[in-house]
Amino acid sequence: MVEPRQGEPRGSTGNIPVPSSKKWDAIIRLRFQIAVAEGLRIGGSGGGLEIGGVDANLMALRNPANNEPYIPGSSLKGKLRSVLEKELGKALGGDPCKCGSADCLICTVFGAHMKPGAASAPTRIVVRDALLSGQSRTRFQEAVLAGVPVLEEKTENIIDRKAGTARSPRTGERVLPGTVFDGEIILHIYEGDDADEMTKFIRHGLGIIQEACSLGASGSRGYGKVRFENLQVETLKLDQLTI
Ligand SMILES: [Zn+2]
């Protein structure tokens, strides 16, 4: 038998979670609002046509169905994982944790990142796209109708450090401060999971983002400061779910 290398899956004798034998018991739903405190830039895919003076690569991500800005679940989830990994010393060379250990909350909640051949544990977390709240949507639609800007256009010089000069300024779009998005995170709770610990872990990660970090691009330059407000947490047993 070939001995697995250090850090590799150890199969049934190791501490890799084998959740297929565990029953899915409940979900915990966290609902909250994401209030933008400083201009937020969540970029689109780029490469679009330049509209007005806005750099094609710096246009805000918009929902193609209604043109409204939103915060993709993947963006919030990635930030959550990243701040929690940093705190736990698991941000290894910039790669997400893939230890796969049953006592690693990162791998349990977010899934072991691209773990080759792992008996894949189900990812416990689902982060929904955060769409404009009712009030912000009304304000957005009114602004569109009135023909006033619905997003802030922010122009910045890029300093060429070698030449010591400013290169041509670029203009990007930011979601305006005061905009509120409705956020939702679902945790899948399996038999034997410590639901309270997982919930606290996520709330803690949101707290780090709120107090010490940001969402979207250019956080170090003051973009994307947000507050998480009006948190509601509810537990729903899986066998009660129906439509
Ligand atoms: Zn891990």
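1. A word on the pairing of strand β8 (residues 180–190)
Where strand β1 (residues 24–36) and β8 come together, eleven bridges link them in antiparallel fashion. Note that in β8 the partner of I34 across the bridge is F181. In terms of strand pairing, strand β2 (residues 125–127) meets β8 through three bridges, oriented antiparallel. Paired with V127 across the strands is I185, a residue of β8. In this structure, strand β3 (residues 131–132) lies alongside β8, joined through two bridges in antiparallel fashion. Bridge pairing links L132 to F181 in β8.

2. Looking at unusual backbone geometry
With the exception of glycine, most residues fall at negative phi, and the peptide bonds are largely trans. With a phi close to 70 degrees, N67 is a non-glycine residue in the positive phi region. Residue placement: N67 occurs in the loop between β1 and α1 (73–87). Of note, the phi angle at N230 is positive, near 55 degrees, even though the residue is not glycine. Take N230: it is sitting in strand β9 (residues 226–237).

Rules used in this analysis
Residues numbered from 1 in each chain as written. Predicted model: local features only at pLDDT ≥ 70, side-chain atom pairs only at ≥ 80, totals over all residues. Pairing = 2+ DSSP bridges. Helix = DSSP H or I, 4+ residues; strand = E, 2+ residues; numbered from the N terminus.

Spatial relationships are all this shows, so hold off on functional conclusions.
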